[in-house]
Amino acid sequence: MPMVKYYLIHWGASLSDTEKQMALNWAKEQRAAFYPNLLADAKWNNETIRPIQNSVAVDVRKVILGNLLFHDVRLSSDNTVSCSSCHGLNTGGVDNKQYSEGVGGQFGGVNAPSVYNAHYNFVQFWDGRAATLADQAAGPPLNPVEMASTSFDEICEKLNADADFSKAFKEVYPDGFNQANITDAIQEFERTLLTPNSRFDKYLKGDETAMTADELAGYDLFKKYNCATCHVGENMGGQSYELLGIKHDYFADRGTELTIEDNGRFKETKNERDRHRFKVPGLRNVALTAPYFHDGTQATLDETVKAMAKYEIGVDLNDQEVKQLVAFLHTLTGEYQGKLLVNDNDVH
Ligand code: HEC
Ligand code: HEC
């Protein structure tokens, strides 16, 4: 089966049923050969969504250091902001604000995605400007509206003054604190920020009792309306850039002035085709991470789901469908360190 036929399906081209079946079989074989889904029950191992792993291989010594750095305010210019200020592990890995607040009460112009399961994203940030979690971690410390340090040298000087931390760090990284080592440790820590064992994952792994009838109906709608073509993989997103407003002009309807952040991937490539294309956000723990969208304009999951259906699928969902889709999204809350995630901000 030539690749081109497989892609044609995605562009909605007209293929005969036989051709479609051939293409689907081909995709299934490719997936089984090159991207096996070992965690899911045999019945579900060809789903586009996969269970989250319990863990991935890490160097525990680096994880410990990365955990400390993730919570260390010395990465910020005035020692007030740490990564966890905006990515609270007790608040779904986000700050539950429309825009994040950095040093000196300054606000950025884009909504903070979760650090949970970011390990699975093919690139980081809404516009994909960081290739790895380590590249990503180099950004906030020097971002003037986030942590506002002037250089990694400034940060390292502060950390070097801490004899105990310095010593512990050198045991793992003999050349001590520098940008590469700091971001490497943070990346290693972030690899442990996985949230397995959601009720949905239990279902995919074969526990038929893990979800209610309404939640299952929601999952069926999620597939029927092709939500699962963009929200794929372990993190249910983070695998491609997609246009916001395929079926209707989202930005015209929003009615507020366009911002630089609204450009999405275009910011990086300057390719007109990439304007308003965003890395698809992961939906794991989405019940805890309001508000939604890159512009933080969607306060509730009800609104968000309706907007997705309207702008991405071209469908007006009825109340029952919204209810079931949202019920399904609530089953995506997973466990961190063996405990079901909750949100201390009490956002639902
Ligand atoms: C002031 C709030 C703030 C601080 C501090 C902060 N972040 Fe973020 N983080 C954000 C925002 C906002 C974004 C989205 C920015 C964008 O996409 O352009 C983001 C994006 C990310 C992403 C990408 C997730 C994805 O799905 O693309 C990761 C990972 C991340 N931050 C980790 C960190 C780490 C590690 C630190 C500390 C070194 C940190 N953040 C500090 C607000 C913050
Ligand atoms: C064509 C790809 C595509 C399809 C199909 C799609 N989405 Fe999305 N989804 C996106 C993109 C891109 C965003 C981010 C939009 C933004 O931030 O401005 C998003 C955002 C979301 C969010 C908000 C996540 C967050 O953290 O901000 C939810 C919830 C969501 N989608 C659910 C759905 C549901 C339910 C469906 C099916 C009705 C669906 N999506 C269909 C691409 C898609």
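Because the structure is predicted, anything quoted here is derived from the model rather than measured.

Considering the overall build of the protein
A tally of regular secondary structure across the protein gives 16 helices and 4 strands. In terms of C-alpha radius of gyration, the protein reaches 21 Å, essentially the compact-globule figure of 20 Å for 348 residues. In terms of principal-axis extent, the alpha carbons of the protein reach across some 70 × 45 × 40 Å. Counting all 348 residues of the protein, 48% fall into the buried class. Excluding contacts between residues fewer than 6 apart, the proportion of contacts in the protein whose partners are at least 24 apart in sequence is 65%. With an accessible surface of roughly 16,800 Å², the protein has 53% of that area assigned to carbon and sulfur atoms.

Quick word on unusual backbone geometry
A cis geometry characterises the amide bond from Ala290 onward to Pro291, with omega recorded as -5°. Mapped onto the fold, Pro291 is located in the loop between β2 (277-279) and α15 (301-313). Although it is not a glycine, Asn117 adopts a positive phi angle of roughly 65°. With respect to the helices and strands, Asn117 occurs in the loop between α4 (83-86) and α5 (133-137). Judged by its relative accessible area of 0%, Asn117 falls in the buried class. With a phi close to 60°, Lys270 is a non-glycine residue in the positive phi region. Within the element layout of this structure, Lys270 appears in the loop between α14 (266-269) and β2. When its relative accessible area of 56% is taken as the criterion, Lys270 is described as exposed.

Observations regarding helix α3 (residues 60-70)
Since there are 3.6 residues in each turn of an α-helix, residues three or four apart along the chain are aligned in direction. When we look at burial in α3, the residues that qualify are Val63, Leu65, Gly66, Leu69 and Phe70. Mapping the buried residues of α3 onto a view down its axis gives an arc of 165°, with all of them on the same face. Structural note: α3 exposes Val60 and Ile64 on the side pointing more than 90 degrees away from its buried face. Where the residues of α3 are buried, they touch α4, α7 (152-160), α8 (163-172) and α9 (179-190).

Let's talk about the site of ligand 2
For ligand 2, the set of nearby residues contains 18 residues, the closest of which are Cys227, Cys230, His231, His294 and Met308. His294 places a polar side-chain atom, nitrogen or oxygen, 2.5 Å from an oxygen atom of ligand 2. Counting residues per element, the ones that place at least two in the shell around ligand 2 are α12 (227-230) and α15. Here the shell around ligand 2 takes 4 residues from α15, the largest share from any one element. Considered class by class, the residues forming the shell around ligand 2 number 12 nonpolar, 4 polar and 2 charged.

With respect to the site of ligand 1
Inspection of the region around ligand 1 gives 28 residues, with Cys83, Cys86, His87, Phe125 and Lys279 positioned closest. Between ligand 1 and Arg129 there is a distance of 2.9 Å, counted from an oxygen atom to a side-chain nitrogen or oxygen. Between Gln136 and ligand 1, the recorded distance is 3.1 Å, taken from a side-chain N or O atom to a nitrogen atom. With 3 residues, the top contributor of residues to the shell around ligand 1 is α5.

Considering the packing of aromatic side chains
In this description, an aromatic ring pair is defined by two values, namely the gap between the centres and the angle between the planes. Counted according to the given criterion, the structure contains 16 aromatic pairs. With 5.4 Å between their ring centres and 35° between their planes, Trp44 and Tyr203 make a pair best called tilted. With a gap of 159 residues between them, Trp44 in the loop between α2 (17-34) and α3 and Tyr203 in helix α10 (residues 199-204) connect regions that are remote in the sequence. When sorted by exposure, Trp44 lands in the same class as Tyr203, which is buried. A ring pair is formed by Tyr219 and Phe328, whose centres lie 5.1 Å apart and whose planes are at 25°; its orientation type is stacked.

Structural notes on the environment of Asn117
In this structure the C-alpha to C-alpha distance between Asn117 and Gly238, which are 121 residues apart in sequence, comes to 9.7 Å. If we ignore the near neighbours within four places in the chain, the residues touching Asn117 are Ile52, Leu193, Leu194, Thr195, Asn235, Arg284 and Asn285.

Looking at a nonpolar patch on the surface
A contiguous nonpolar surface patch, about 280 Å² in accessible area, is contributed by Val60, Ile64 and Leu68. Examined against the element boundaries, Leu68 turns out to sit in helix α3.

A short note on the domain arrangement of the protein
Taken as a whole, the protein is organised into domain 1 (1-36), domain 2 (37-53 + 196-340) and domain 3 (60-190). When each unit is reduced to the centre of its C-alpha atoms, the spacing between domain 2 and domain 3 is 26 Å. With 29 residues of domain 2 at the contact, the number on the domain 3 side is 25 residues. Between domain 2 and domain 3, the buried area comes to about 2,300 Å², and carbon and sulfur atoms account for 53% of it.

Basis of the calculations
- What you see as residue numbers is a count from 1 along each chain, following the sequence as written.
- Think of it this way: whatever chain is written first is A, whatever ligand is written first is 1, and the rest follow in order.
- Local features in this predicted model are restricted to residues whose pLDDT is 70 or higher, and side-chain atom pairs enter the listing and the counts only when it is 80 or higher, whereas totals over whole chains, interfaces and linings include all residues.
- Water and hydrogen atoms play no part in the side-chain values, which are based on all heavy atoms of the structure.
- Helix numbering and strand numbering both begin at the N terminus, where a helix is a DSSP run of H or I of at least 4 residues and a strand a DSSP run of E of at least 2.
- Using C-alpha atoms as the atom set, the radius of gyration is obtained and then compared with a globule rule of 2.2 Å times the number of residues to the power 0.38.
- Exposure classes here rest on a 1.4 Å probe applied to the protein chains alone. A residue is buried below 20% of its type maximum, exposed above 50%, and partly exposed in between.
- Should any heavy atoms of two residues lie within 4.5 Å, those residues are counted as being in contact.
- Computed with the Shrake-Rupley method and a 1.4 Å probe, the accessible areas treat only the protein chains shown as cover for residues.
- Within this analysis, the arc is defined by the directions that extend from the helix axis to the C-beta atoms.
- Proximity is defined per residue: any heavy atom of the residue falling within 4 Å of a molecule or strand makes that residue near it.
- Under the rule applied, a polar contact is a pair of N or O atoms within 3.5 Å (in protein, one hydrogen donor and one hydrogen acceptor; residues adjacent in sequence only if both atoms are side-chain atoms).
- Amino acids outside the nonpolar list (Ala, Val, Leu, Ile, Met, Phe, Trp, Tyr, Cys, Pro) and the charged list (Asp, Glu, Lys, Arg) are all regarded as polar, and Gly is one of them.
- Any two of the Phe, Tyr and Trp rings considered here, Trp counted by its six-membered ring, make a pair once their centres fall within 6.5 Å; the pair's planes then place it as stacked at under 30 degrees, edge-to-face at over 60, or tilted in between.
- To count toward a patch, a residue needs a relative accessible area above 30% and no salt bridge. Like charges then connect within 9 Å, nonpolar side chains (Val, Leu, Ile, Met, Phe, Trp, Tyr) within 5 Å.
- When a carboxyl oxygen of Asp or Glu is within 4 Å of a side-chain nitrogen of Lys or Arg, the pair counts as a salt bridge.
- Domain delimitation follows an automatic or database domain assignment.
- The buried area of a pairing is the accessible area, by a 1.4 Å probe, that goes missing from both parts when the two are put together, added over both.

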